[in-house]
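Below, each chain spelled out in residue letters.
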Amino acid sequence: VQRGASTPVEFSSEDADRRVADGALKIAPEDRRPDVWLASRFEDGVATAWTRLHISDAPQVREEDARQPLTWPVGISGQLSSPDERDTFVLAVKAGERIRIHPRTRSLGSDALLSLRLLAADGTLIAETTPNDSDEWPLEATAPADGDVRLEARDLLRRGGHGGRDREGDGQ
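Residues numbered from 1 in each chain as written. Predicted model: local features only at pLDDT ≥ 70, side-chain atom pairs only at ≥ 80, totals over all residues. Heavy atoms only, no water.

### Some remarks on the overall build of the protein
- Secondary structure summary: the protein contains zero helices and 14 strands in total.
- The helix and strand sequence of the protein, counted from the amino end, reads β-β-β-β-β-β-β-β-β-β-β-β-β-β.
- Computed over C-alpha atoms, the radius of gyration of the protein comes to 16 Å, within 12% of the 16 Å expected from 2.2 N^0.38 for 172 residues, which places it in the range of a compact globule.
- For the protein, the spread of C-alpha atoms along the principal axes amounts to about 55 × 40 × 30 Å.
- Within the span of the protein, comprising 172 residues, buried residues form 38% of the whole. (Helix = DSSP H or I, 4+ residues; strand = E, 2+ residues; numbered from the N terminus. Rg over C-alpha atoms; globule rule 2.2 N^0.38 Å. Buried < 20%, exposed > 50% of the residue type's maximum accessible area, 1.4 Å probe, protein only.)

### Concerning empty space enclosed by the protein
- Considering all chains together, one arrives at two cavities of 30 Å³ or more under this definition.
- When its volume is computed, the second largest cavity comes out at roughly 30 Å³.
- Lining the second largest cavity we find Arg86, Ser115, Leu116, Arg117, Glu152, Ala153 and Arg154.
- Of all the elements in the fold, those that place two or more residues in the lining of the second largest cavity are β10 (114–120) and β13 (147–155).
- Tallied by class, the residues present in the lining of the second largest cavity amount to two nonpolar, one polar and four charged. (1 Å grid on protein atoms, 1.4 Å probe; cavity = no way out; pocket = protein on both sides within 12 Å on 5 of 7 lines; lining within 4 Å. Points joined across faces, edges and corners; volume = space filled by probe spheres on them. Nonpolar A, V, L, I, M, F, W, Y, C, P; charged D, E, K, R; others polar.)

### What about the environment of Ile55?
- As for its placement among the helices and strands, Ile55 is situated in the loop between β4 (51–54) and β5 (60–62).
- When its relative accessible area of 3% is taken as the criterion, Ile55 is described as buried.
- C-alpha separation for the pair Ile55 and Glu85, spaced 30 residues apart in sequence, amounts to 26 Å.

### Digging into the pattern of salt bridges
- Inspection of the entire model under this criterion finds 13 salt bridges.
- The residue Asp57 makes a salt bridge to Arg32 at a minimum N-O spacing of 2.9 Å. A residue pair is termed long-range when its members are at least 10 positions apart, and Asp57 in the loop between β4 and β5 and Arg32 in the loop between β2 (19–26) and β3 (35–38) qualify at 25 residues.
- A residue is classified by how much of its surface remains accessible, and Asp57, at 49% relative accessible area, is partly exposed.
- Among the ionic pairs, Asp35 bridges to Arg52, the shortest N-O distance being 3.0 Å. Linking Asp35 in strand β3 with Arg52 in strand β4, this pair joins segments that are 17 residues apart in sequence.
- Ionic contacts of the salt-bridge type, sharing partners, join the residues Arg86, Arg117, Arg150 and Glu152 into one network. (Salt bridge = Lys/Arg side-chain N within 4 Å of Asp/Glu carboxyl O.)

### Section: unusual backbone geometry
- Note the cis peptide between Trp72 and Pro73, where omega equals 0°.
- Counting through the fold element by element, Pro73 comes out in the loop between β6 (70–71) and β7 (75–78).
- The phi dihedral of Asp84 is positive, around 70°, even though this residue is not glycine.
- Checked against the element boundaries, Asp84 lands in the loop between β7 and β8 (86–93).

Printed below as a string of structure tokens:
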């Protein structure tokens, strides 16, 4: 959720057969909380699970709404729906610009272990996450030149579906 911007909020059941839209959430620019917890109710009165949303100063896009290339910095929210799915985003960067991506999966309740790779336009590897004992592995790099780079995201365990469905990445 971008601080100061209106963000539509929708909940779905685990099997996605029920949905409830709760309107829009707007976090005031002066609100410095790092995240917010939300819940709602379906029409039949059944409560949704509590969901934690990260709050960022960077513009935010949903995977399905991403117009590429995306201007860096940006936060991306998406879903890995099927096993072995790899999502790709093109980012417009400037030479020497620091690229720091902090994936958020486990801290938001997802089972995914998000693996990230950053590639130059010609496919050369610039940087990739290094799995370690933490649940979420950041990616840090310096843009080698002005132009586009490609960010690839996948679940390290290649599960997809419910286990790998929710992820957010916040760029700085």
